[in-house]
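What the coordinates show
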Amino acid sequence: MKALAIDLGGTHATCGLVENQTILAHETIDTDRAKSLGAVLPQIVDVFNRLGSTKGLSLTECSAVAVGFAGLVDSRAGRVLSTNGKYEDAKEIDLAAWSKQTLGLPLRMENDARMALLGESYAGAARGFTEVVMMTLGTGIGGVAMIDGKLLRGKHFQAGCLGGHIPILFNGRKCTCGAIGCAEAEAAGWSLPLVVKDWPGISQSALSKYPHVGFKELFEEAGRGDSVAVGVRDRCLNIWAADAVGLVHAYDPEIIVMGGGVMQSANLIIPYIESYLRQYSWTPWGNVQVRLAELGNNAALLGAVPLLSEC
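In this convention, every chain numbers its residues from 1, walking through the sequence in written order. Where totals are concerned, whole chains, interfaces and linings use all residues; where local detail is concerned, this predicted model gives features only for residues with pLDDT of at least 70, and gives and counts side-chain atom pairs only at 80 or more. Heavy atoms from the whole structure form the basis of all side-chain values; hydrogens and water molecules are not counted.

What to know about the pairing of strand E8 (residues 132-137)
Judged by how many residues are buried, E8 sits mostly within the fold: five of six residues are covered. Pairing between strands is defined by DSSP: at least two bridges between the two strands are required. Helix and strand assignments come from DSSP, with helices taken as H or I runs of at least 4 residues and strands as E runs of at least 2, each series counted from the N terminus. Relative to strand E9 (residues 141-147), E8 runs antiparallel, the two sharing six bridges. Across the sheet, residue Met 135 finds its bridge partner in E9, namely Gly 143. The turn linking E8 back onto E9 is made up of three residues. For E8 and strand E11 (residues 255-259), the ladder comprises five bridges, and the chain directions are parallel. Paired with Val 132 across the bridge in E11 is Ile 255. Type-normalised accessible area, obtained with a 1.4 Å probe on protein chains alone, sets the label of each residue: buried when under 20%, exposed when over 50%, and partly exposed for intermediate values.

Here it is, written out as structure tokens:
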């Protein structure tokens, strides 16, 4: 099956021509400053036309368009339900109609983290498993689940896709979702600078020299022995691990697949979470495996074919 795939994240839109388990071509649009989805859609059409021309492929040779969107999605109706502050106009746009009018193809939508899990299950680290949780650690924290080989969605399309919004601290920080102490509010890319800013002794730390502290800087300075960086890093590891325990207890997976930009430090993160799970998760049947995602930023694109193939 050939398909057009769109991974529409908070700061980017990656468009790809996909055939089964192969990405034929792809291109990423920077949408960080985009104020509306409506302003991005013409750019997406231009990218697909350009990719099709490059590959000598008519877009009508594709079966459909599959969209992974960074928000809550009604996958049956193909509409955005909630955006959590990004692309607020998306709830008013009929993307299925847009796709028919501009690309001549039907469209299916799904939450972007669910799409990434479909990709890893179809062509990546979760192949051969039916009970899977995927955690993505980056600007936000994603946590999605698959049981008996099928994505969890639920009546309101919130089931199994809000793993980053499991409360970790009842007296913690206010999250973008409105809750208190979510894992994402305590140890995600957007919340990390806030945590660092309030850390005791930050003015004497090597982290203070950075105008913006990301996980790359945090792990590098912790590796050099900076005490503040070590403290913040270890706090993040514990929050991610506690979140993983919550996901294991909720969804009973055989395997947790971990992706996202923070996994550049997978050599530290995966063993830590595996050890934490062995110590603190209630799994009398055995130990949950923890694996690094294999598909990187391409996972959601490769989730297009299994999404379109769903009954």
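Having seen the structure, we can now continue with the description.
What to know about the side chain of Asp 7
By secondary structure assignment, the location of Asp 7 is in strand E1 (residues 2-8). The term polar contact refers here to a pair of N or O atoms within 3.5 Å; inside protein, the definition further demands a hydrogen-donor-capable atom paired with an acceptor-capable atom, and it admits residues adjacent in sequence only when both atoms are side-chain atoms. Separated by 3.5 Å, the side chains of Asp 7 and His 12 make a polar contact.

What about unusual backbone geometry?
Despite not being glycine, Asn 20 shows a phi value in the positive range, around 55°. Inspection of the secondary structure puts Asn 20 in the loop between strand E2 (12-19) and strand E3 (22-30). Overall, Asn 20 belongs to the partly exposed group, its relative accessible area being 33%. Positive phi, normally seen in glycine, also occurs at Asp 148, with a value near 55°. Following the sequence through the fold, Asp 148 ends up in the loop between E9 and strand E10 (150-151).

What to know about the nonpolar core
By nonpolar core is meant a set of buried Ala, Val, Leu, Ile, Met, Phe, Trp, Tyr and Cys residues that side-chain atoms within 4.5 Å join together. Within the largest apolar cluster, 42 residues are counted, with the highest numbers of intra-cluster contacts made by Leu 137, Trp 240, Ile 256, Met 258, Ile 269, Ile 273 and Leu 277. Listed by contribution, the elements that provide at least two residues to this core are E8, E9, helix H4 (183-187), helix H5 (192-197), helix H6 (215-223), helix H7 (227-251), E11 and helix H8 (266-280). With 12 residues, H7 is the single largest residue contributor to this core. In this description, contact between two residues means that some pair of their heavy atoms is separated by no more than 4.5 Å. Each residue touching Met 258, except ones within four places of it in the same chain, is listed here: Met 135, Leu 137, Met 263, Ile 269, Ile 273, Val 290, Arg 291, Leu 292 and Ala 293.

Some points on the sheet that holds E3
Whether parallel or antiparallel, the strands of a sheet pair through hydrogen bonds between backbone atoms. Overall, mixed pairing links the five strands, which are arranged E3-E2-E1-E4-E7 in an open sheet. Edge positions in the sheet fall to E3 and strand E7 (107-111), since each has one partner strand and no second. Each strand axis lies, on average, 15° off the axis of its neighbour in the sheet, ignoring direction. Sheet analysis places E1 next to E2, joined by seven bridges and oriented antiparallel. Residue pairing across strands places Ile 6 opposite Cys 15, the latter belonging to E2. Simply put, an axis is a line fit to the C-alpha atoms, just over the touching stretch for a helix, and the angle between two N-to-C directions goes from 0 to 180 degrees. Contacting E1, E2 and E3, helix H1 (residues 37-55) crosses the sheet at an angle of about 35° to E2.

Comments concerning the pairing of E7
Buried residues dominate E7, accounting for four of its five residues. Where strand E4 (residues 65-69) and E7 come together, five bridges link them in parallel fashion. What sits directly across from Val 65, in E7, is Leu 107.

Here's the deal with the sheet that holds E9
The strand order E10-E9-E8-E11-E12 describes an open sheet built from five strands, whose pairing is mixed. The strands lining the two open edges of the sheet, one partner per strand, are E10 and strand E12 (289-292). Summarising the sheet, E9 and E10 pair through two bridges and their orientation is antiparallel. Each residue of the ladder has a partner; that of Met 146, found in E10, is Leu 151. Packed on one face of the sheet, helix H3 (residues 112-123) meets E8, E9, E10 and E11 and runs near 55° to E9. Sitting on the sheet, H8 touches E8, E11 and E12, and the angle it makes with E12 is about 170°.

Details of the packing of aromatic side chains
Ring pairs shown here join Phe, Tyr and Trp side chains whose ring centres sit within 6.5 Å, with only the six-membered ring taken for Trp; geometry is labelled stacked below 30 degrees between planes, edge-to-face above 60, and tilted in between. Here the structure, examined in full by the defined rule, presents four aromatic pairs. With a centroid separation of 6.0 Å and an interplanar angle of 50°, the aromatic rings of Phe 69 and Tyr 87 are classed as tilted. Taken together, the residues span a long stretch of sequence, with Phe 69 in strand E4 and Tyr 87 in the loop between strand E6 (79-82) and helix H2 (95-102) at a distance of 18 residues. Clustering of aromatic rings is evident, with ring pairs tying together Tyr 272, Tyr 276 and Tyr 280.

Here's the deal with H8
By this rule the span expected of a helix is its residue count minus one, scaled by 1.5 Å. Compared with an ideal rise of 1.5 Å per residue, which puts 15 residues at 21 Å, H8 spans 20 Å between its outermost C-alpha atoms and is within 8% of the ideal. When H8 is considered as a whole, its buried residues turn out to be Ala 266, Ile 269, Ile 270, Ile 273, Tyr 276 and Leu 277. The buried residues of H8 all sit within an arc of 135° when viewed along its axis, so they share a single face. The outward face of H8, more than 90 degrees from its buried face, is lined by the exposed residues Asn 267, Arg 278 and Gln 279. The arc refers to the directions leading from the helix axis to the C-beta atoms.

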